[in-house]
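One-letter residues, chain by chain:
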Amino acid sequence: MTGIDKADEAQLLATIDRWIEREVAPRVKEFDHADKWPAEIVEQMKELGLFGATISPEYGGLGLPARTYAEIVMRVSSVWMAITGIFNSHLMLALAVEKFGTERQKQQWLPKFATGEIRGGLALTEPDAGTDLQSIRMVARRDGNDCYVINGTKTWISNGIEGHCFAMLVKTDPQANPRHTGMSLFITPKGPGFKVGRKLEKLGYHSIDSGELVFEDYRIPADHLIGEVEGKGFAQVAGGLELGRINVAARGVGIAEGALRLATSYAQMRKTFGKPIWEHQAIALKIGEMATRARAARLLTLDAADIFDRGERCDMEAGMAKYFSSEAALENSIESMRIHGAYGYSKEYDIERLYRDAPLTCIGEGTNEMQRLIIARQWVRRNPVS
């Protein structure tokens with residue numbers, strides 16, 4: 001990631017804030033309640049450059065550092081988390097190509113990714129393989145010198161229906177031991193043999209499509225193998241998970257802060273027993289806890305982003321940020337709903353959407369149970385008994 005000076009960053013974030021206020025906030029209920037693809041908002045995100053946010057300028061992107069990108073995700077997620085998934089899943093695809101692809105692959109794909117002309121995502125999960133990626137069953141078989149044939153199914157793939165192209169994790173050697181040495185990552189545009197299955201219905205995270213992708217004798221040129229070397233796929237995916245977890249942490253911060261903002265506003269307007277409800281100790285205690293959680297989540301996320309921007313290993317810090325921020329999102333959303341009382345259960349109020357969206361942050365990019373194991377493992381390795 002390249003740097004950005006303070007003035008340019010402030011101008012960019014101010015532009016994002018205005019866009020959220022004028023274009024996103026007024027229409028979020030319309031799209032969310034209907035679970036409707038927000039085509040107009042996607043076009044606006046293209047114009048803002050969000051589909052090229054972390055792509056290097058030499059390939060047409062903004063080249064934003066992780067810290068600035070996290071700030072954008074926080075701001076958007078505080079109003080509507082779902083649309084951050086439309087550009088973040090796409091940027092994970094772009095990151096895989098930029099970080100591990102050949103120069104020819106970068107020149108061919110990244111400029112079109114940056115403009116949003118070609119949009120997509122990362123296709124990892126299968127019906128029987130989620131957190132344990134080494135259990136995937138999708139297979140790519142070499143057919144001659146210039147082609148692979150792929151068969152299998154992916155599920156819960158963000159942008160699966162509306163997207164055009166995906167970074168697809170497959171097994172090129174199902175018998176490999178250790179298993180990860182037989183896994184490869186391909187750039188897979190839609191075409192013959194690539195079928196989109198059903199749209200998966202969700203509790204929240206509406207308007208971004210989550211779909212099944214079915215491959216039946218899907219033929220793809222050999223030069224679509226990222227890096228053009230087999231057996232590197234698992235490492236290539238793991239190399240992008242740190243930024244992915246920082247993104248999910250930023251989403252959690254956004255929800256935690258959004259829930260706090262809604263609770264703070266409502267608690268000053270709503271009165272019982274002759275005074276605003278925030279003056280009642282029970283409500284004040286909740287707001288105090290919510291404010292502390294949101295602040296701690298923000299600082300953990302920015303800390304992980306800063307380490308990532310320095311090019312240092314940050315799987316522990318990203319895991320801490322993802323774990324804490326997502327739990328903060330969950331806790332703040334339910335506490336805000338309780339502060340709203342019966343109104344919090346109404347679709348007329350925004351808090352019910354944050355409440356529905358929050359649980360996904362505890363699951364996406366590796367469950368929080370897995371994050372705690374990663375944190376513990378890295379912590380012990382960094383603090384051995386002397």
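Owing to the predicted nature of the structure, the values given are computational and were not obtained by experimental measurement.

Rules used throughout
Residues numbered from 1 in each chain as written. Predicted model: local features only at pLDDT ≥ 70, side-chain atom pairs only at ≥ 80, totals over all residues. Heavy atoms only, no water. Pairing = 2+ DSSP bridges. Helix = DSSP H or I, 4+ residues; strand = E, 2+ residues; numbered from the N terminus. Buried < 20%, exposed > 50% of the residue type's maximum accessible area, 1.4 Å probe, protein only. Contact = heavy atoms within 4.5 Å. Phe/Tyr/Trp six-rings, centres within 6.5 Å; stacked < 30°, edge-to-face > 60°. Core = buried A, V, L, I, M, F, W, Y, C linked by side-chain atoms within 4.5 Å.

Asks: Looking at this structure, how should I read the pairing of strand β7 (residues 210-221)?
Replies: It is a general feature of regular strands that their side chains alternate between the two faces of the sheet. Relative to β7, strand β3 (residues 147-158) runs antiparallel, the two being bridged by 9 bridges. Note on β7: the bridge partner recorded for I157 is G211. Relative to β7, strand β6 (residues 194-199) runs antiparallel, the two being bridged by 4 bridges. Bridge pairing in β7 places F194 opposite F215.

Asks: Looking at this structure, how should I read the environment of K112?
Replies: Checked against the element boundaries, K112 lands in helix α6 (residues 103-115). The partly exposed category is assigned to K112, whose relative accessible area is 36%. Between the C-alpha atoms of K112 and G60, which are 52 residues apart in sequence, the distance is 8.4 Å. Those residues in contact with K112, other than ones at most four positions away along the chain, are E117 and I118.

Asks: Help me understand the packing of aromatic side chains, please; the structure alone is not making it clear to me.
Replies: Where two aromatic rings form a pair, the distance of their centres and the angle of their planes describe that pair. This structure, assessed with the given rule, holds 10 aromatic pairs. Each ring, one from F31 and one from W80, has its centre 6.1 Å from the other, and the planes form 15°; the classification is stacked. Pair noted here: F31 is in helix α2 (residues 28-34) and W80 is in the loop between α4 (66-77) and α5 (82-100), with a separation of 49 residues, a long-range link. We note that F31, like W80, is buried. Each member of the aromatic cluster is reached from another via a ring pair, and the members are F166, F194, F215 and Y218.

Asks: Could you clarify how one ought to interpret the nonpolar core in this entry?
Replies: Considering soluble globular proteins, one finds that nonpolar side chains tend to be buried as a cluster. In this structure, W19, M45, W80, I83, F113 and I339 are the most contacted members of the largest nonpolar core, which totals 92 residues. By residue number, the principal contributor to this core is helix α7 (residues 233-269), which donates 13 residues. Setting aside residues no more than four positions away along its own chain, W80 makes contact with V24, V28, F31, D32, P38, I41, H206, S207, R353 and D357. By size, the runner-up hydrophobic cluster in this structure holds 17 residues, among which are M138, Y148, F166 and F194.

Asks: What's the story with the pairing of strand β4 (residues 165-171) in this structure? I'm lost.
Replies: Counted residue by residue, β4 has 7 buried out of 7 residues, so it is predominantly covered. The alternating pattern of β4 places C165, A167, L169 and K171 and F166, M168 and V170 on opposite faces, both of which are buried. For strand β1 (residues 120-123) and β4, the ladder comprises 4 bridges, and the chain directions are parallel. Following the sheet pairing, L122 is matched in β4 by A167. Bridge analysis of β4 against strand β5 (residues 183-189) gives 7 bridges, and the strand direction is antiparallel. Of the residues in β5, the one forming a bridge with F166 is T188.

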